[in-house]
Amino acid sequence: MKSIEEIKKELQAASAEGLPEFIKEYTGDSRGGVKKLVETAEKRVAAFVKERERIEKLRFYEEKYREFDYICGIDEVGRGPLAGPVVAGAVILPRDCRILYINDSKQLSEKKREELYEVILEKAVAWAVGYASPKRIDEINILQATYEAMRQAVGKLTPEPDILLNDAVTIPGVAIRQVPIIKGDAKSITIGAASIVAKVTRDRLMVEYDKTYPEYDFAGNKGYGSAGHIEALKKHGPSPIHRRSFIRNFEADNEVKPLS
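Residues numbered from 1 in each chain as written. Predicted model: local features only at pLDDT ≥ 70, side-chain atom pairs only at ≥ 80, totals over all residues. Heavy atoms only, no water.

(A) Just the overall build of the protein chain, in detail. When helices and strands are tallied, the protein chain shows 10 helices and 5 strands. In terms of its C-alpha atoms, the protein chain occupies a principal-axis envelope of roughly 75 × 50 × 25 Å. Excluding contacts between residues fewer than 6 apart, the proportion of contacts in the protein chain whose partners are at least 24 apart in sequence is 63%. Carbon and sulfur atoms make up 51% of the accessible area of the protein chain, which totals about 13300 Å². (Helix = DSSP H or I, 4+ residues; strand = E, 2+ residues; numbered from the N terminus. Contact = heavy atoms within 4.5 Å. Areas by Shrake-Rupley, 256 points an atom, 1.4 Å probe, with all protein chains shown as cover.)

Here's what the structure looks like:
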């Protein structure tokens, strides 16, 4: 007879698809420890079924526009920060793609975003990111810079999308049919995928900037206006990646730091 520890390890190694067989095998075991492991497995099965049902609902727009071969999700990250670029993600998933746990990137942990980022890039028909720099944001305003980053991302895609599912906006200057969806990153699997690609891309970039400008803690705040970030601005003045149009109320008298 297997020990409880052996059965526990077996449960830990089991895939979601393999859990029903685990439950079937050990349901008749009278040991209290094994009964608890079976209960854990049953909870995992229930959670897995619930997630699959959520993903099916997340495919509503993909099914609605199923006549299009290449459905592209578009989303942006970084409209609100005081520093760093705004980044747009564009993703075309296979027609019947069902990547579990995709969601609005803000609803996911950093670890889960990183995991899903790799899966999305592996499975995507095509993906791309577009950027608008802090300088460009100051020149044309954040909304126009966001549109520019989105157009850039879409323009990089091969194959070209047949239709765009956008998170809330309609992008000017794009001839492809567009469908703006309010809170689309939580309602469309392709927009959710795009939000994850954009978020992970931007977060990684801010971590790199932190190495050059450590006094602002960009690795921690990702350029957003945390109390520590604002205090650093008042003390050190802006870095080259700060958005001057965003920080007028926080700047010290210091001159902008030179690029390293």
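(B) Structural context of the nonpolar core. Ranked by internal contacts, the top residues of the largest apolar core, which has 23 residues, are Cys72, Ile74, Val86, Leu157, Leu164 and Ile171. Listed by contribution, the elements that provide at least two residues to this core are strand S1 (71-77), strand S2 (86-92), strand S3 (126-132) and helix H7 (142-155). Of all the elements, H7 adds the most residues to this core, at 7 residues. Counting 22 residues, the second-largest nonpolar core is a separate cluster that includes Val91, Val129, Ile196 and Val197. (Core = buried A, V, L, I, M, F, W, Y, C linked by side-chain atoms within 4.5 Å. Buried < 20%, exposed > 50% of the residue type's maximum accessible area, 1.4 Å probe, protein only.)

(C) Inspection of the pairing of strand S4 (residues 163-167) at higher detail. By the criterion of burial, S4 is predominantly enclosed, with 5 of the 5 residues buried. In S4, alternate side chains face the same way, and those of Ile163, Leu165 and Asp167 on one face and Leu164 and Asn166 on the other are all buried. Here 4 bridges tie S1 to S4, and the two strands are oriented parallel to one another. Counterpart to Cys72 in the pairing with S4 is Leu164. In this structure, S4 lies alongside strand S5 (residues 177-181), joined through 5 bridges in parallel fashion. (Pairing = 2+ DSSP bridges.)

(D) Highlighting empty space enclosed by the protein. Within the structure shown, the criterion is met by 1 cavity of 30 Å³ or more. Of the volumes computed, that of the largest cavity is approximately 110 Å³. In this structure, the largest cavity is lined by Arg59, Glu62, Glu63, Arg66, Phe68, Asp69, Ile71, Leu93, Pro94, Arg95, Ile189 and Thr190. Elements with a minimum of two residues in the lining of the largest cavity: helix H4 (60-64) and helix H8 (189-212). Among the residues forming the lining of the largest cavity, the class breakdown is 5 nonpolar, 1 polar and 6 charged. (1 Å grid on protein atoms, 1.4 Å probe; cavity = no way out; pocket = protein on both sides within 12 Å on 5 of 7 lines; lining within 4 Å. Points joined across faces, edges and corners; volume = space filled by probe spheres on them. Nonpolar A, V, L, I, M, F, W, Y, C, P; charged D, E, K, R; others polar.)

(E) Main features of unusual backbone geometry. The residue after Thr158, namely Pro159, is reached through a cis peptide bond having omega 5°. Within the secondary structure, Pro159 sits in the loop between H7 and S4. For Asp217, which is not glycine, the phi torsion reads 55° and is therefore positive. Considering the arrangement of structural elements, one finds Asp217 in the loop between H8 and helix H9 (218-221).

(F) Representation of the sheet that holds S3. Spatial strand order, S3-S2-S1-S4-S5: 5 strands in an open sheet with mixed pairing. A single partner strand is all that each edge strand has here, and the edge strands are S3 and S5. Sheet twist, expressed as the average angle between the axes of neighbouring strands with direction ignored, equals 20°. One ladder, built from 7 bridges, connects S2 with S3; its direction is antiparallel. Considered in S3, the bridge of Gly89 is made with Val129. Docked against the sheet, H8 engages S1, S2, S3, S4 and S5, running at close to 40° with respect to S1. (Axes fitted to C-alpha atoms, helices over the stretch in contact; angles between N-to-C directions.)

The values are spatial; any link to function lies outside them.
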